[in-house]
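# An overview of the molecular structure
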Amino acid sequence: MKSNYSFRAKSACIKHPLVVLGLCLMSIFQSKLQAQEPIGFQTLDSILTIDLKEVIVISSFKRSIEHKSQPNPLSTLDEYLESSKKISMVKRGAYAWDPMLNDMTSERLSITIDGMRIFGACTDKMDPITSYVDVSNLSDVQVKSGQQGAQHGNVIGGAIDMRLEKSNFKPLGWTAAVETGYETNNTSQIVGGELNYSDENFYLDNDIIYRKAENYTAGGGEEVAFSQYEKYNLSANAGYKVSDDQKLLASFIFDEARDVGYPALPMDVSLARAFIGSLSWVQSNFIGNLENWESKLYANTITHIMDDSQRPDVPIRMDMPGWSDTYGFYSQTELSFDNHRFMGKIDGFYNRSLAEMTMYPNNPNEQEMFMLTWPDVRTLNTGLYLEDKINLSDGILKLATRLAYQSFHVADDFGLNSLRIFYPDMDQRQTRTLKSVSAHYHKQFKKWHVSGGVAYGDRAPSVSEGFGFYLFNSFDNHDYIGNPNLKNEKALETQIKVTLPLDNLELGLEGNYFHTWDYIIGEIDPALNEMTIGADGVKIYTNLKQANLYNVSMDMEYKFTPELNWSGRVSYHRGTDHNGRNLPFISPVDYRSQLSYAHGSFSGSVTLSGAMDQTNFSPTFGEDRTPAYTLLSLSLGKTFSLGGNTLYVKAGVENLFDTYYSTYSDWNNIPRMGRNFFMTLSYAIN
Amino acid sequence: MKTIKSLIILIALSAGITSCSDNNENPMPVTENPLEAYNLTSSFEANGHMLELYSEKEGLTTGYNELYLQIKDLSTGEYIPNATITWNPVMHMTEMSHSCPKSEISVTEEKTVYKGFVVFQMASNANEYWELNLEYSFGGTTYTISETIEVNAPTDGKKTVNVFMGADDARYVLAMMPLTPEVAINDLSAVLFKMESMMSFPIVEDYTITIDPRMPGMGNHSSPNNEDLIYDATAGNYAGKLSLTMTGYWKINLQLLNANDEILKGESVTEENESSSLYFEIEF
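Residues numbered from 1 in each chain as written. Chains lettered and ligands numbered in written order. Predicted model: local features only at pLDDT ≥ 70, side-chain atom pairs only at ≥ 80, totals over all residues.

## Focus on the overall build of chain B
Scanning chain B from N- to C-terminus turns up one helix and 20 strands. Per-residue burial over chain B gives 34% buried out of 284 residues. (Helix = DSSP H or I, 4+ residues; strand = E, 2+ residues; numbered from the N terminus. Buried ≥ 20, exposed ≤ 12 C-beta atoms within 10 Å, placed from the backbone.)

Structure follows, in structure tokens:
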């Protein structure tokens, strides 16, 4: 089941004449990645520099900036996220990549849409939350590492908040745009449009996007079967100014993907559908000196149906539908006095996760076999978050804490009885107390910015980790059983960051270290027999005494001229447990170098990216050595004036040398896309 | 065809019995039937009484049958309490006759209801039939009755009884007690008897029955945390735990071990050996 693809390492040769030519011709292009604030709406505030968040800009109210800043504007959200310093993606196919932050997967993160908690409905993580939104919905993605993400939830690795695009009462009147894109490698077609109205008292943004792609081809021409996908997404965002300082906002997203292939897995997805909605109230003056009061009520429901009917050879046919519904709220407010800036937030959510598995025996006279893989687990979480940013004479100190109560309840008797096969004394309900505390300090010496922090936090096990029943993991070929008796996973983290922003050069060095206790991971139980045909055994989720993870990255940015800009970064990651065993999904050394040019109506970029050999891999968890690779991509963009409106054209090529490669996070070593030519057209109507 | 013939006979018999009932001027007082919820598998009229045989199942089947009896006094229409009943089911085969494992009949909390169990090793057919011989006494008088009963294979076609010769050259009957299977750790019980003679089937004590439930339709995978069946002296049967991780068809592979832990029947399930010769089947 593991690796169906032979691996031929082939790295791009920098001395290739085409590259030299390309470099001469190519213009530089503004970095897609903004290390500071998102462009557009937020005013620069000295206190904001303490916010150790990375912001990935997706769009901006100024379309021209948006188009110039992204090499491939209509690429999937996954590709945007992958360009981030801290986010890496676990890829099981061409679609729906699973984000990891600080080499930690979604159980250790909080992934939110505009602060709304949302959880996938697939036991095999085929539907990370990033797959239920599209670039058309978002303005930017805020990435907060470690306990800096505690505002959103109890996390270990951090928080990724995808923020929705809103006109926000800018007096733009009616605006519209139509976009279309095409990529050669998987004949991917993208069509989208938006229609917005905004004035000082009211705004309504609507957008729609449709994507369809066939199987993609890896470097060397090998087609990757079952890698097709088709999806569409519509969203609407509205705001009404009730009074000068009171606003009522609403948002709605509908996202549906059909016929999505996952070449790295034994099953595909026939349907993945999400309804996401929220209602918020924003008020500048609250009670007394409290200000910026924001309250939000939200609900989202996800249906996810796995299906193996497209696969010709399966040991047994199965249907695996899953559902995840979340209802939640939050209310936050700020208070400034003296040199303190307080923020307080209460939040809560209720989630219901249910997943089934029905297997059809080859003997038609036999009855079907049925199992509950997620036994209708209800999670109720309420929390309080407090933060204080203190402007000291020689720096800024940020203190934050979160306290939450979370209860799990296995609502279905069938599901409870299933788990009681392993845990006869298991309670139907359990509660946990979750906490977080962090301190972060930022100081500026002359031109140097130094910041560092220490934090402690814990998290509860996820539904799969606590209550999963025979969840098959095709990466390490084992069935996994949840463990309701797991202790909360805890981490002590330290972080240090040094940046030197000079006139034309910016240097940065950052290190993150996590010392975790009771790290949750599956360990083989030799007494248990596998259930999935062909599996090697069964693992039960347990707490590892200790695990250490750290990453160090260095990045540089140099402005040759106002138009020509170069950015580069290199990072090193490591993760081991108390026995010195390597943890899985820890990135090898990776690097990225981008030269961008933007002048007038013209923009362009050259990007070189890659990774070194993965030597610190984890065979116990199904990993093997992934060889080094390097990729080169180019893009060119131009804006034209057409009928009084603007037409933006972008074209380029990714993986210019058609390198056959696979990364450490590609499930079962599936190869990534080979050479891909793309073109996007965007016509903005004002 | 045989079934229809037997059914016609049974209907005719029942019709005959009911038509011969009392025809008093005054309608009989309607006595409440405590076994309303159960299925009346057979009723026999004799000696001025109606003997009713009830089961949870539709009819009498091979394997374990938990049965309830009531004796109705046809003159009064009342059910007779606290009678002493003994029974002896006998199979009349072409070459010989034999009985089967059975329990004593005891009176339940409801004094007019009596219960016991019978394990039929085989079903009736065209040439061979089961006959139920009952002896009951109350109020100082003993009565007897002998009637043919119909025993069929279970409607779901699943094997719940094993009749075999052990490695010790003794004949045994092993039957699964009724089970409502659930995805959970289920309480599983079975009864084990030795055939000492054609008519005598005493309970076997202190043996062990190992269980290894498998799903042949799904790679023959098993389940965790099963507990072998061990003898429970108070109940007179073997009890253990059956772990079922999903619905569907399961084959519960068994091995019979005597008091010295020697295997008398059944093989372990391995890569080469898909199932034991001794097994029960369930499907849910």
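## Quick word on the overall build of chain A
If you tally the helices and strands in chain A, you get five helices and 32 strands. In terms of C-alpha radius of gyration, chain A reaches 25 Å, essentially the compact-globule figure of 26 Å for 686 residues. Dimensions along the principal axes, computed over C-alpha positions, put chain A at roughly 70 × 65 × 50 Å. Relative to its full complement of 686 residues, chain A shows a buried share of 49%. If you take every contact in chain A between residues at least 6 apart in sequence, the share linking residues at least 24 apart comes to 66%. (Rg over C-alpha atoms; globule rule 2.2 N^0.38 Å. Contact = placed C-beta atoms within 7 Å.)

## Describing the domain arrangement of chain B
Residues and elements named next belong to chain B. What the domain assignment reports for chain B is domain 1 (2–152) and domain 2 (161–283). Counting from both sides, the interface comprises 13 residues of domain 1 and, opposite them, twelve residues of domain 2. Sorting the residues of the side of domain 1 that touches domain 2 by element identifies strand E4 (63–73) and strand E6 (97–98) as the ones contributing at least two each. At three residues, E4 tops the list of elements feeding residues into the side of domain 1 that touches domain 2. Its residues placed into classes, the side of domain 1 that touches domain 2 shows five nonpolar, six polar and two charged. (Domains from an automatic or database assignment. Nonpolar A, V, L, I, M, F, W, Y, C, P; charged D, E, K, R; others polar.)

## Side note on the pairing of strand E2 (residues 49–55) of chain B
Residues and elements named next belong to chain B. Counting buried residues along E2, six of its seven residues qualify, which places the element largely inside the surrounding structure. Where strand E1 (residues 39–46) and E2 come together, seven bridges link them in antiparallel fashion. In the strand pairing of E2, Ser43 is matched with Glu52. Following E1, the chain reverses through two residues before pairing antiparallel with E2; Asn47 in that reversal takes a positive phi of roughly 55 degrees. The sheet contact formed by E2 and E4 spans seven bridges and is antiparallel. By the bridge assignment, Met50 is partnered in E4 with Lys72. (Pairing = 2+ DSSP bridges.)

## Notes on the environment of B:Val204
Residues and elements named next belong to chain B. Inspection of the secondary structure assignment puts Val204 in the loop between strand E14 (184–195) and strand E15 (208–214). Residues Val204 and Leu174 lie 30 residues apart in sequence; the distance between their C-alpha atoms is 9.9 Å. The residues touching Val204, leaving out its near neighbours within four places in the chain, are Tyr172, Leu192, Phe193 and Lys194.

## Things to note about the environment of A:Ala159
Residues and elements named next belong to chain A. Position of Ala159 among the secondary structure elements: in strand E8 (residues 158–164). With 36 residues separating them along the chain, Ala159 and Leu195 place their C-alpha atoms 31 Å apart. Those residues within four positions of Ala159 in sequence are excluded, and the remaining contacts are Leu109, Ser110, Thr112, Lys144, Gly149, His152 and Gly153.

## Some details on the nonpolar core
Residue and element names in this part refer to chain B. Val119, Val173, Ala175, Ala190 and Leu192 are the most contacted members of the largest nonpolar core, which has 179 residues in total. If you tally residues by element for this core, the top one is E14, at eight residues. The contacts of Ala175, once residues within four sequence positions are left out, are Gly63, Tyr64, Val119, Thr160, Val161, Ala190 and Val191. (Core = buried A, V, L, I, M, F, W, Y, C linked by C-beta atoms within 7 Å.)

## Details of the sheet that holds strand E5 (residues 84–92) of chain B
Residue and element names in this part refer to chain B. Reading across from one edge, E6-E5-E9-E10 is the order of the four strands in this open sheet, with antiparallel pairing throughout. Of all strands in the sheet, those bounded by a partner on one side alone are E6 and strand E10 (141–149). As defined by bridge partners, E5 adjoins strand E9 (residues 129–138) across nine bridges and the pair is classed as antiparallel. Opposite Pro89, over in E9, you have Leu132 as the bridge partner.

## Quick word on the environment of A:Ser571
Residue and element names in this part refer to chain A. Relative to the assigned elements, Ser571 resides in strand E27 (residues 564–577). Look at Ser571 and you get buried, because 21 C-beta atoms sit within 10 Å. Expressed as a C-alpha distance, the spacing of Ser571 and Lys86, which sit 485 residues apart in the sequence, is 9.2 Å. Ser571 has contacts with Asn551, Val552, Ser553 and Asp590, leaving out every residue within four places of it along the chain.

## Brief notes about the pairing of strand E31 (residues 645–654) of chain A
Residues and elements named next belong to chain A. Sheet topology places strand E30 (residues 629–642) next to E31; nine bridges connect them, and they run antiparallel. From the neighbouring strand, Leu636 faces E31, where its bridge partner is Ala651. Between E30 and E31, which pair antiparallel one after the other, the connecting turn spans two residues, and Gly643 there sits at a positive phi close to 60 degrees. Two elements, E31 and strand E32 (residues 676–685), share nine bridges in a ladder whose sense is antiparallel. Residue pairing for E32: Val649 is matched across the bridge by Leu681.

## Let's talk about unusual backbone geometry
Residues and elements named next belong to chain A. Despite not being glycine, Phe169 has its phi angle at roughly 65 degrees, a positive value. Mapped onto the elements of the fold, Phe169 is located in the loop between E8 and strand E9 (173–183). Notably, Tyr470 is not glycine yet its phi reads approximately 50 degrees, a positive angle. Turning to its location among the elements, Tyr470 is positioned in the loop between helix H5 (463–467) and strand E22 (471–473).

## Some remarks on the interface of chain B and chain A
With 20 residues of chain B at the interface, the matching set in chain A holds 25 residues. Considered class by class, the residues forming the side of chain B that touches chain A number eight nonpolar, ten polar and two charged.

## So, the sheet that holds E1(B)
In spatial order, the strands read E1-E2-E4-E8-E7 (chain B); together these five strands make up an open sheet with antiparallel pairing. Two strands lie at the open edges of the sheet, namely E1 and strand E7 (106–107) of chain B, each paired on one side alone.

## Overview of the confidence of the model for chain B
Residues and elements named next belong to chain B. Of the residues in chain B, 89% have a pLDDT of 70 or more, and the chain-wide mean is 88. The model gives residues 20–24 a pLDDT under 50, and that stretch makes three contacts with residues more than four places away or in other chains. The complex model carries a pTM of 0.85, and its ipTM stands at 0.80. (pLDDT = per-residue confidence, 0-100.)

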